[in-house]
Amino acid sequence: ELASGLTGEGRMAEPENIMRFIESDLLVSLPLSGIEVLVNAGPTYEAIDPVRFIGNRSSGKTGIALADEFASRGATVTLVLGPSSHQPKNKSVNVIHVESAQEMFDATVNSFANVDVAVLTAAVADYKPSHPSHEKIKKSDEELSLKLTKTKDILGHLGQIKSKQCLVGFALETNNATEYAIQKLNKKNLDMVVVNTTNASNPAFGSDYNEVSVIDKHNKITKFEFKSKLEIAKDLVNHICSYIGK
Ligand code: CTP
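Model, not experiment: these values are computed from the prediction.

Points about unusual backbone geometry
- Of note in this structure, Asn-189 is not a glycine but carries a positive phi near 55°.
- Note on placement: Asn-189 falls in the loop between helix H5 (177–187) and strand E10 (192–197).
- Here the phi dihedral of Asn-219 falls at roughly 65°; this positive angle occurs in a residue that is not glycine.
- For Asn-219, a relative accessible area of 44% translates into the label partly exposed.

In structure tokens, the structure reads:
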């Protein structure tokens, strides 16, 4: 019976049946259905005291765009996201919010075991204050020195424990980009490294645009043009898919 009083086909299907159809018919036909992907993104904040921190200018945009792009192709995506004012658009992305390098380490490592692909875009602080103050530090006329301790290298750790996962790192350099990126690729046992150069003509951090190249573990270099981070995410997902045979 329809709302008009007539009887016949036209009534909306039950929402549960529509959902079942989407899940069992539409989503499984997407190319990355059944593939699990882990992405981390954004900066980290390392506490100096309860109100101050050491951070960096990362916006998280590239990692968020990658998470959205993987999800739109049917992958199951976990995004470990540092303090960023941006969010993925795709509601299926499982976002784990973190703040410090240690929290980023814990969440990324805990999510790694069962994934097929891990892409670490986060700008993780390399150092943190050794003794963060529990109270707000008052100013005085004395010089203030901060003692810093090295944080854990998340990507390096995943490179040591990885088994079947395709592990992708990022390298942000101001000079000798290819040389330094190849060193990171080998030292951290990566499948590929995405190289960004930050300089006056390509600030990379915070911008909506970037120019990247990818170096894989066979030292094959693929250069991409200067384009939006959304388009870069598509290029990178295409590149990773062909690397893993998808
Ligand atoms: N990275 C990480 N954990 C850290 C530092 C970096 O997982 N504590 C990862 C980043 O997410 C990125 C890659 O390592 O994928 C390279 O980061 P980058 O800052 O370019 O290099 P570093 O290894 O920190 O070395 P350096 O700062 O000396 O260039």
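So much for the structure itself; the text now carries on.
Considering the site of the ligand
- Not every one of the 16 residues close to the ligand is listed here, only the nearest: Leu-120, Ala-122, Phe-170, Lys-184 and Lys-188.
- Between a nitrogen atom of the ligand and a main-chain N or O atom of Lys-152, the distance comes to 2.9 Å.
- Contacts to the ligand include Leu-172, whose backbone N or O atom sits 3.1 Å from an oxygen atom.
- If the ligand stood free it would expose 570 Å²; the protein chains cover 76% of that surface.
- Mapped by element, the contributors of at least two residues to the shell around the ligand are helix H4 (154–161) and strand E9 (166–173).
- Looking at which element gives the most residues to the shell around the ligand, the answer is E9, with four residues.
- Residues of the shell around the ligand, tallied by class, amount to nine nonpolar, two polar and five charged.

A few points about the sheet that holds E9
- Strand order in the open sheet made by the eight strands is E5-E4-E1-E6-E9-E10-E12-E13, with mixed pairing throughout. Either end of the sheet is taken by a strand with one partner, and the two such strands are strand E5 (94–97) and strand E13 (221–223). Each adjacent strand pair in this sheet contributes to an overall mean axis angle of 15°, direction not counted.
- Along the sheet, H5 makes contact with E9, E10, strand E12 (212–216) and E13, crossing E9 at roughly 145°.

Observations regarding the packing of aromatic side chains
- One pass over the full model with this rule turns up two aromatic pairs.
- Centroid distance Tyr-45 to Phe-53: 3.7 Å. Interplanar angle 10°. Geometry classified as stacked.
- Given a relative accessible area of 24%, Tyr-45 falls into the partly exposed group.
- Ring centres of Tyr-209 and Phe-226 lie 5.9 Å apart, and the angle between their planes is 15°; on these two criteria the pair is classed as stacked. Of this pair, Tyr-209 sits in strand E11 (residues 209–210) while Phe-226 sits in the loop between E13 and strand E14 (227–228), placing them 17 residues apart in sequence.
- Judged by its relative accessible area of 42%, Tyr-209 is partly exposed.
- Seen from the ring of Phe-105, Lys-152 lies directly overhead, with NZ or CZ sitting 4.5 Å from the centre.

Quick notes on the rules
- Residues numbered from 1 in each chain as written.
- Predicted model: local features only at pLDDT ≥ 70, side-chain atom pairs only at ≥ 80, totals over all residues.
- Heavy atoms only, no water.
- Helix = DSSP H or I, 4+ residues; strand = E, 2+ residues; numbered from the N terminus.
- Buried < 20%, exposed > 50% of the residue type's maximum accessible area, 1.4 Å probe, protein only.
- Near = heavy atom within 4 Å.
- Polar contact = N/O pair within 3.5 Å; in protein donor to acceptor, adjacent residues only side chain to side chain.
- Areas by Shrake-Rupley, 256 points an atom, 1.4 Å probe, with all protein chains shown as cover.
- Nonpolar A, V, L, I, M, F, W, Y, C, P; charged D, E, K, R; others polar.
- Pairing = 2+ DSSP bridges.
- Axes fitted to C-alpha atoms, helices over the stretch in contact; angles between N-to-C directions.
- Contact = heavy atoms within 4.5 Å.
- Phe/Tyr/Trp six-rings, centres within 6.5 Å; stacked < 30°, edge-to-face > 60°.
- Lys NZ or Arg CZ within 6 Å of the ring centre and 35° of its normal.

Everything listed here is a matter of coordinates, which is why it stays silent on function.
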